[in-house]
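Analysis of the macromolecular model
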Amino acid sequence: MNVAEDVCTETTGATAVGVPAASAMAVSTAAQEVGLKRGEFAIAVHLGLIRLMVPRDGGRPMVGRDEIERLRSQDGFPEALRERVRTVGTAEGARRLGISPDRFTRFARAGCLTPITFYLNRYRAIVWLYLADELTGFAAREPQLLTGRSPGWLRDRLEGGADCRAGNWRSRRVERLLSLTEDPWARVAVLADTLDPVQLAEVVDDPYERAYLARLRPEPAFGPTGPVWARETMAHLMRADEPDELLWRRVNLIMELDNAREVRSAPRPGGDRRDFPSPASERAPAPDPRADADADADADADADARSRSRSGPESDLVPGAPASVPPGPCPGPGPVHAPTGAAVPVVGLLARIGLRRRTSREANRRQPPQGRAPFGA
């Protein structure tokens, strides 16, 4: 049994409106109205050819009747619409380009061709599909690749074991979803989907924020249909797996998260929308084992300071008191903006993505307890 990817076409950015029942229809009904199969309709939504509406009170997305009329009024309907969402596999795609299936696969693995969707065959293997229109455009742009010997850069890439199909499909989907919404937290939710739970917890250390992102995660247009293992495959494909891509996704997630925190805080239980610091700031910092030698001296000095009058000149130099006074932000490659209203510095970007560790005693003493802890700390 084949399982198509139409279980996984998100509706991020769909217009949230009050939808009267008489002016809208379910997506399954809309697919029948425009003469598209479920998979074709899902691709049309993904490409932005069909706009969905989400009721303000929640529920499944719907399609307005005016949207159906708009599609019907287009020239060449419905054949033109079907052709724009038509997909082909490796064999048919190779025939369109006039090359062998093996050469077609090499182009796809090298990143020359980007899949639009996929399905799982009876052996649960991923079968990638490509837009027929895009293959025609590729043949027109790169005719020299279709004949003769493959260029050196393509051979080197393949000999290095490259397979860009999943990464290109993932990048295409993420960019499309980001273009569909301007809500900062929805954008964070899209990027959060590209990291596994462990890495996501390193970047978003506040559990309330992670719960909020889970609620904002893009949902399939036709609902979470299909077997569990198919949805698990989709979730696996959505996660970055190459070191360079992981680094890129983490950097982008951090910047989007900072921007979302500036706009508003994630909701908390009881309607508490207090500003950050996050729960990490309420925990005491881990003790520095290299400072054990100074513990007795610090304790004696602290006791001596408390025995003196507060009006004395030493009252401004009580050891340990300035722990809540933040130093400047840690260095990083470019500015990292702190959430509006937060009274704490933001950890440097390199430290937050795990590229810089604070190993000296001075750095450990300067690191304030507020805010997000650096990765690897």
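Preceding this paragraph is the structure being described.
My aim in this report is to walk through the structure given alongside it, one point at a time. (Residues numbered from 1 in each chain as written. Predicted model: local features only at pLDDT ≥ 70, side-chain atom pairs only at ≥ 80, totals over all residues. Heavy atoms only, no water.)

1. Regarding the overall build of the chain
A count of helical and extended segments in the chain gives 17 helices and 8 strands. Put simply, the chain has 377 residues, and 38% of those count as buried. For the chain, the accessible area works out to roughly 20300 Å², and carbon and sulfur atoms hold 52% of it. (Helix = DSSP H or I, 4+ residues; strand = E, 2+ residues; numbered from the N terminus. Buried < 20%, exposed > 50% of the residue type's maximum accessible area, 1.4 Å probe, protein only. Areas by Shrake-Rupley, 256 points an atom, 1.4 Å probe, with all protein chains shown as cover.)

2. Observations regarding the state of the cysteines
Scanning all chains against the criterion turns up 0 disulfides. Unpaired in this structure, Cys112 has its nearest cysteine sulfur neighbour in Cys164, at a distance of 8.5 Å. (Disulfide = S-S within 2.5 Å.)

3. A word on the pairing of strand β7 (residues 117-120)
Here β7 pairs with strand β8 (residues 126-131) via 4 bridges, running antiparallel. Note that in β8 the partner of Phe118 across the bridge is Trp128. The turn joining β7 and β8, which pair antiparallel and follow one another in sequence, is formed by 5 residues; a positive phi near 65° is taken by Arg124. (Pairing = 2+ DSSP bridges.)

4. A few points about unusual backbone geometry
Of the consecutive residues Phe77 and Pro78, the connecting peptide bond is found in the cis state with omega at 0°. Mapped onto the elements, Pro78 comes out in the loop between α3 (65-72) and α4 (79-84). Positive phi outside glycine occurs at Arg124, with the angle close to 65°. Relative to the helices and strands, Arg124 is located in the loop between β7 and β8. Residue classification places Arg124 among the exposed residues on the basis of a relative accessible area of 52%.

5. Concerning the nonpolar core
Counting 48 residues, the largest nonpolar core has Phe104, Phe107, Leu113 and Leu253 as its most contacted members. If one sorts the elements of this core by residue count, helix α10 (residues 184-192) sits on top with 6 residues. Excluding its chain neighbours within four sequence positions, the residues that come into contact with Leu253 are Val188, Leu191, Ala192, Leu195, Leu200, Val203 and Val204. Counting residues in hydrophobic clusters, the runner-up holds 20 residues, among them Val27, Leu36, Ile50 and Leu131. (Core = buried A, V, L, I, M, F, W, Y, C linked by side-chain atoms within 4.5 Å. Contact = heavy atoms within 4.5 Å.)

6. Side note on the packing of aromatic side chains
Given two aromatic rings, one states the distance between the centres and the angle between the planes to describe the pair. Within this structure, the stated rule accounts for 6 aromatic pairs. Here Phe118 and Trp128 contribute two aromatic rings whose centre-to-centre distance is 5.6 Å and whose plane-to-plane angle is 70°, an arrangement assigned as edge-to-face. Pair noted here: Phe118 is in strand β7 and Trp128 is in strand β8, with a separation of 10 residues, a long-range link. Trp128 shares its class with Phe118; the two are buried. Ring plane angle 80° and centroid distance 5.6 Å describe the contact between Phe118 and Trp169, whose orientation is recorded as edge-to-face. Of the two residues, Phe118 sits in strand β7 while Trp169 sits in helix α9 (residues 165-179), which places them 51 residues apart along the sequence. Accessibility classification places Phe118 together with Trp169 in one group, the buried group. One aromatic cluster is present, built from ring pairs that chain together Phe118, Trp128 and Trp169. (Phe/Tyr/Trp six-rings, centres within 6.5 Å; stacked < 30°, edge-to-face > 60°.)

7. Let's talk about the pairing of β8
One ladder, built from 2 bridges, connects strand β6 (residues 87-88) with β8; its direction is antiparallel. Looking at the pairing, Thr87 lines up with Leu131 of β8.

8. Notes on the pattern of salt bridges
Opposite charge on two side chains lets them pair, provided their charged atoms get close. On inspection of all chains with the given rule, the structure shows 18 salt bridges. Measuring nitrogen to oxygen at the nearest pair gives 2.5 Å for the salt bridge that ties Arg86 to Glu92. Overall, the relative accessible area of 27% leaves Glu92 in the partly exposed class. The shortest N-O distance in the salt bridge between Arg264 and Asp183 comes to 3.1 Å. Of this pair, Arg264 sits in the loop between α14 (243-263) and α15 (295-307) while Asp183 sits in the loop between α9 and α10, placing them 81 residues apart in sequence. Overlapping salt bridges, with partners in common, bring together Arg170, Asp241, Glu245 and Arg249 in one network. (Salt bridge = Lys/Arg side-chain N within 4 Å of Asp/Glu carboxyl O.)

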